[in-house]
Amino acid sequence: MLQPGLSENEMTAVTPALDAVASKEPAPLRASVRNLNFFYGDNQALKGVELPIVEGKVTALIGPSGCGKSTLLRCFNRMHDLYPGNRYQGEIILYPEGINIVAPEVDPMLARLRIGMVFQKPNPFPKSVYENVASGLHIRGIRNRSEVDGRVEAALRQAALWDEVKDRLQESAYGLSGGQQQRLCIARTLAPDPELILLDEPTSALDPIATAKIEELMDELRGAYTIVIVTHNMQQAARISDFTAFMHLGHMVEYDVASLIFTNPTEERTRSYITGRFG
Amino acid sequence: MKPLAAQPSRRLSDAEIVARAHRSDRNFAILGLSVLVISMIVLLSLIVDFMVDGLGRIDLDFLTSFPSRRASEAGILSAWVGTTLVMLVTTALAVPLGVAAGLYLEEYAPRNWITHLIEINVTNLAGVPSIIYGLLALGLFVQSLAMGQTILVAGITLALLILPIIIVATREAVRSIPLEIREGAYALGADKWQTVSGYILPTARPGILTGAIVGMSRAIGETAPIITIGALTFIAFLPPSPVQDTFPFINFNWLNSPFTVMPIQMFNWVSRPQAAFHVNAAATGLILLLMTLLMNAIAIWLRYKIRRSMR
Amino acid sequence: MVAPVSPDSRTGRLRLTVSPVFLARRRVVDRIMRVVLFLSAALSVLVTAGIVYVLLSESLKFFAQVSIISFLTDTQWTPVFQDKHFGIMTLVSGTLVSSLIALLVAIPAGTVLAIYLSEFARPQVRETIKPFLELIAGVPTVAFGYFALLFLTPIFQIFIPGLAGFNLLVPGIVMGIMILPYIVSVSEDAMRAVPAELREGAYALGFTRLQTATRVVIPGAFSGVTAAYILGMSRAVGETMVVAIAAGQQAKLALNPLEGAATITSYIVQISLGDVPHGSIAYLTIFAAGMTLFLMTFAFNILAFWLRQKYREVY
């Protein structure tokens, strides 16, 4: 099935998607998950997950709650390392160098410096709007005033928030509305120029209008950024994602071009889920 | 209505049971409130007592005179200067150390026996009588280390005394910070110290400030440990000034100066038999009381503000 | 300095890169701060070690001259007289009598207040009342001493004819007021830790608030409430200025609370005020007395700590 605007090279990663991963063809991938197992203590939450993340595209992870989609997302930037007793087995390869970011010898902070994350609930820091967006730059040792100013403005523009906050950059971020706070968190994530952006149900705490704005925003970021988004909202996944992965009970059940998953899934379990028979 | 005990055989109606329940609950509520009112009356009468006895004695001369053999000429100049300088040392030591220890226990400490030991230890230190800290200072600083009965020794002693208060306040403030702030900082690539210093500490600052104020108000009124280190009670001079007009403009000679503090001065005067000195004691006590009450009020107000902003 | 950028080999876009020098420096700072924070926390252990060391070493010098048996059994305490006696029980009696009077005031009042705050008062009422109790805890102890000696004692003397100017009764009552906020806060904490289901169960049976409090909440919070009493006792035993000012300094077996008597703490104050040469037997007595005080409060604190752990485990 041809996607308009995809080169032949990209095609290999898409149809059939999983074959591309298995064949290790040099596809335009930003990352790929290979046979990933994850354990919370003795409890195995991910079971041999395979997933390609195509450069410049939006990949959505869907599935019933408890299926492991958030767990998988939090593997990419090693958030699980913040809590004791968690264990990874397998690989998440980050391209172009091809390092395995879940390898024990890789510092989790290295993964987080390259991969940004937006959380389910807007979580601005109790600081000014400006300070929030500049946080990622400060953390990377970038303190040059004009450079930080420039990047803060650019990130706020990209997050479609600049016009709303340009006159209140020094005010507390807590004064913004929920939707603005979430776009602020997206700007905060964009400012240090991440290679991959993880979004963990970013609209689940927002009203429909704020949700629409975020979806619009993701559409604009497509191409410039590679995005992985977890969502429990199938309409949202269908609207915004290029590729969709359906997970169930820690397994990657099906991965394909979004339009195919939602119109003609191969797996019976996927079909049941998208037709609303469980979840 | 007749007393219920007079009709033991009759079964009570539901309405009667409910009425009785309401009555017993109301009686208890009245009891609780009266205990409260009595304790408030005690606090109030204490304040009024100090005002009646001491307010008339407070004037500019009282604040700018040294203690004297004649009660009417005596003042608290050396005492309030001493209190200020001792509190400077105490705050400078106790706040950074207490905050650092609290951050370690809450953010860094692995679950092992060392951590457990430190935690039990802090709990226990909080319950050690203040006079024991005085004996520690006497045996260790004054005798073994021969540091003398100085502002520095008093400052260190009071700092150790209020350390547990600041540690506990820091831990509580840090613990109440939502997980999302922490995860947000880590997700941006921050390391532990960046997260703690850049995001956790600033968020916890009001709570820590509350603890620091409570600790300082405790230290300002502490008398026993300062008596124990043998601080003189008759000091008719001031420590060397911390600022000077020649380079480098500040000096630390005052740290090694003998001193007195307001509670010591007050204790000294209250221990005298003459009523005229009791008036001086009341005046000193009133100032001390107002200072500590004000500090506690600020701390309470801060805590109230934090609680509201958390919602 | 402008942050380094490098072309992304995949897309050719210029991408921000993190300076390795900065990362290396950051790692060093992180390691140093970890050690600094640990040392600050470990300092508290050193304080305890210092206390134990000072008390123990000076007490050992004392016990080289005075036998433990006579220290514990003698009924007189006269270290600065010609005829020296070192019966610590004399001081302990003063300490215990004044502390027990404090508990007689603080336990009933504190328990009633704690039940009222935890079970009866509406949240707003509770949040308004508690700060006032905290204010009592913030009053300097020396001010309470003045209050006991020069305000309360003369008033009490009107009603109790045999009451001496220095006595144990009034300082005991004042100490009771001082430890009241503490007992209220610890026991209310324990009461509120009792799960709501237990309360609801009691209300469902038709219990009144008072019945719920006395039959469900207090038994449920028993270990925590007991811990509050013990911690209150520990505070009273260690309290110094009130007894030093208002209880007199005569070391004798405190059989009559209407008369004054020295306590462990007021004795230490008395000796510290005088000019006692370092190393003399009188100097050593304050450490032996301090050791006794430390052991008493330590025992209370550990017992209370254990009791509070217990209710935290249950709920």
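Residues numbered from 1 in each chain as written. Chains lettered and ligands numbered in written order. Predicted model: local features only at pLDDT ≥ 70, side-chain atom pairs only at ≥ 80, totals over all residues. Heavy atoms only, no water.

Chain C goes by Phosphate transport system permease protein in an unreviewed UniProt entry, where it is assigned to Xanthobacter autotrophicus. In its Function (unreviewed entry) section, the UniProt entry covering chain C states "Part of the binding-protein-dependent transport system for phosphate; probably responsible for the translocation of the substrate across the membrane." On record in UniProt, under Sequence similarities (unreviewed entry), the comment for chain C is "Belongs to the binding-protein-dependent transport system permease family. CysTW subfamily." (UniProt positions renumbered as here; feature names shortened; annotations may be inferred.)

Per an unreviewed UniProt entry, chain B carries the name Phosphate transport system permease protein PstA and comes from Xanthobacter flavus. As recorded by UniProt, the Sequence similarities (unreviewed entry) comment attached to chain B reads in full: "Belongs to the binding-protein-dependent transport system permease family. CysTW subfamily."

Q: Mind laying out the pattern of salt bridges, listing which residues take part and the relevant values?
A: Using the criterion set out here, one finds 33 salt bridges over all chains in the structure. Among the salt bridges present, the one from E147 of chain A reaches R151 of chain A, with a minimum N-O distance of 2.9 Å. Note that E147 of chain A and R151 of chain A are positioned in helix α6 (residues 145–158) at a spacing of four residues, about one turn of the helix. A relative accessible area of 11% places E147 of chain A in the buried class. Between R175 of chain B and E106 of chain B there is a salt bridge, with its nearest N and O atoms 3.2 Å apart. Placement of the pair is R175 of chain B in helix α6 (residues 151–175) and E106 of chain B in helix α3 (residues 77–108), with a sequence separation of 69 residues. Within the structure, one salt-bridge network assembled from shared partners comprises R30, E55, E97, R114 and E195 of chain A. (Salt bridge = Lys/Arg side-chain N within 4 Å of Asp/Glu carboxyl O. Helix = DSSP H or I, 4+ residues; strand = E, 2+ residues; numbered from the N terminus. Buried < 20%, exposed > 50% of the residue type's maximum accessible area, 1.4 Å probe, protein only.)

Q: How would you summarise the domain arrangement of chain C if you had to cite specific residues and measurements?
A: Residues and elements named next belong to chain C. If you check the domain split of chain C, you get domain 1 (20–64) and domain 2 (88–311). Listed as interface residues are nine residues of domain 1 and, on the opposing side, nine residues of domain 2. The junction of domain 1 with domain 2 conceals about 850 Å² of combined surface from both sides, 86% of it contributed by carbon and sulfur atoms. Taken together, the connections running from domain 1 to domain 2 amount to zero salt bridges. Inspection of the domain 1/domain 2 interface yields one residue pair in polar contact (both at pLDDT 80 or more). (Domains from an automatic or database assignment. Contact = heavy atoms within 4.5 Å. Buried area = accessible area lost by both parts, 1.4 Å probe. Polar contact = N/O pair within 3.5 Å; in protein donor to acceptor, adjacent residues only side chain to side chain.)

Q: So, the nonpolar core: which residues are in play, and what are the values?
A: Core analysis: the largest hydrophobic core is formed by 199 residues, its most contacted members being F50, I132, F259 and F267 of chain B together with I51 of chain C. Residue contributions to this core peak at 16 residues, all from helix α3 (residues 88–120) of chain C. A domain-level breakdown of this core finds at least three residues from each of domain 1 (20–64) and domain 2 (88–311) of chain C. Non-local contacts of I51 of chain C, meaning those with residues more than four positions away in its chain, are made with L125, V128, I132 and L136 of chain B together with F294 of chain C. The next biggest cluster of nonpolar side chains, apart from the first, holds 45 residues, and it includes L199, I229 and Y273 of chain A together with L16 of chain C. (Core = buried A, V, L, I, M, F, W, Y, C linked by side-chain atoms within 4.5 Å.)

Q: Summarise the environment of A281 of chain B; cite the residues concerned and give the values.
A: Position of A281 of chain B among the secondary structure elements: in helix α11 (residues 275–310). Excluding residues that lie within four positions of it along the chain, A281 of chain B makes contacts with F50, M266, W269 and V270 of chain B together with Y146 of chain C.

Q: Outline the sheet that holds strand β3 (residues 58–62) of chain A, supporting the account with residue identities and numerical values.
A: Residue and element names in this part refer to chain A. If you walk across this open sheet you meet the six strands as β6-β7-β8-β3-β9-β10, and the pairing is mixed. Edge positions in the sheet fall to β6 (115–118) and β10 (251–257), since each of these pairs with one other strand and no more. If you compare each strand with its neighbour and ignore which way they point, the axes differ by 20 degrees on average. This element, helix α3 (residues 69–76), spans β3, β6, β7 (196–200), β8 (227–230), β9 (243–248) and β10 of the sheet and lies at about 150 degrees to β7. (Pairing = 2+ DSSP bridges. Axes fitted to C-alpha atoms, helices over the stretch in contact; angles between N-to-C directions.)

Q: Before we move on, could you go through the UniProt feature "transmembrane region" (unreviewed entry) in chain C and cite the residues and values that matter?
A: Residues given the UniProt feature "transmembrane region" (unreviewed entry) here are residues 35–56, 88–115, 135–156, 163–184 and 281–307 of chain C. The annotated region residues 281–307 of chain C carries 100% helix and 0% strand content, and the separation between its end C-alpha atoms amounts to 39 Å.

Q: Can you lay out the sheet that holds strand β5 (residues 99–100) of chain A for me, pointing to particular residues and giving the numbers?
A: Residue and element names in this part refer to chain A. Sheet architecture is open: four strands sit in the order β2-β1-β4-β5, paired in antiparallel fashion. The sheet is open, and its two edges are formed by β2 (43–54) and β5, each paired on a single side. Relative to β5, strand β4 (residues 86–94) runs antiparallel, the two sharing two bridges. The partner of L94 across the bridge, within β5, is I99. Contacting β1 (29–40), β2 and β4, α3 crosses the sheet at an angle of about 115 degrees to β1.

Q: Quick rundown of the packing of aromatic side chains? Include the residues and the values.
A: One pass over the structure, following the stated rule, counts 20 aromatic pairs over all chains. In this structure an aromatic cluster arises from ring pairing among F62, F63, F71, W77, F86 and Y267 of chain C. A cation over a ring is seen here: K127 of chain A above Y199 of chain B, with NZ or CZ 4.6 Å from the ring centre. One residue, R272 of chain B, lies across the ring of F277 of chain B, its end atom 4.3 Å from the ring centre. (Phe/Tyr/Trp six-rings, centres within 6.5 Å; stacked < 30°, edge-to-face > 60°. Lys NZ or Arg CZ within 6 Å of the ring centre and 35° of its normal.)

Q: Account for empty space enclosed by the protein, naming residues and giving values.
A: Residues and elements named next belong to chain B. Going through the model one piece at a time under the given rule, you end up with three cavities of 30 Å³ or more. Lining the largest cavity are T83, V86, M87, L158, A219, I220, E222, I226, V261 and P263. For the lining of the largest cavity, the secondary-structure elements that each account for two or more residues are α3 and α8 (192–221). Per-element accounting of the lining of the largest cavity gives the leading share, three residues, to α3. (1 Å grid on protein atoms, 1.4 Å probe; cavity = no way out; pocket = protein on both sides within 12 Å on 5 of 7 lines; lining within 4 Å. Points joined across faces, edges and corners; volume = space filled by probe spheres on them.)

Q: Any details on the interface of chain C and chain B? Residues and values, ideally.
A: Tallying the contact residues gives 73 residues for chain C and 77 residues for chain B. In total, chain C and chain B occlude about 6800 Å² of area from one another, counting both sides; carbon and sulfur atoms represent 77% of this. When the buried area of chain C at its contact with chain B is split by residue, R26, L37 and Y146 of chain C rank highest and sum to 10% of it. Close ionic contact of R26 of chain C with D191 of chain B constitutes a salt bridge, the shortest N to O distance being 3.5 Å. Taken together, the links from chain C to chain B amount to 10 residue pairs in polar contact (both at pLDDT 80 or more).

Q: So, the UniProt feature "transmembrane region" (unreviewed entry) in chain B: which residues are in play, and what are the values?
A: All names here are of chain B. Mapped onto this structure's residue numbering, the UniProt feature "transmembrane region" (unreviewed entry) falls at residues 28–48, 77–105, 125–145, 151–169, 219–238 and 275–302. Spanning residues 77–105, this segment combines 100% helix with 0% strand, and its end C-alpha atoms are found 41 Å apart. Secondary structure content for residues 275–302 is 100% helix and 0% strand, while the C-alpha to C-alpha distance between its ends is 40 Å.

Q: Pulling in residues and values, what's your account of the side chain of T228 of chain B?
A: All names here are of chain B. With respect to the secondary-structure elements, T228 resides in helix α9 (residues 224–228). Residue classification places T228 among the buried positions, given a relative accessible area of 2%. Polar contacts involving the side chain of T228 include one to the main-chain carbonyl oxygen of A224, which spans 2.7 Å.

Q: Any details on the state of the cysteines? Residues and values, ideally.
A: Residue and element names in this part refer to chain A. Enumeration over the complete set of coordinates arrives at zero disulfides over all chains. A disulfide-free cysteine, C67 has its sulfur positioned 13 Å from the sulfur of C75, the nearest such atom. C67 sits in the buried class, given a relative accessible area of 2%. (Disulfide = S-S within 2.5 Å.)

Q: Tell me about the packing of α6 of chain A against helix α8 (residues 178–190) of chain A, and please be specific about residues and values.
A: Residues and elements named next belong to chain A. It is at 8 Å that the axes of α6 and α8 come closest, and there the two elements cross at 130 degrees. Relative to α8, the element α6 lies oblique. The handedness of the crossing between α6 and α8 comes out as right-handed. In this structure, α6 contributes A155, L156 and Q158 to the contact, and α8 contributes L184, A187 and L190. Looking at the contact of α6 with α8 residue by residue, the classes come out as five nonpolar, one polar and no charged. (Parallel < 35°, antiparallel > 145°, perpendicular 65-115°, else oblique. Left-handed = near helix turned anticlockwise from the far one by under 90°. Nonpolar A, V, L, I, M, F, W, Y, C, P; charged D, E, K, R; others polar.)

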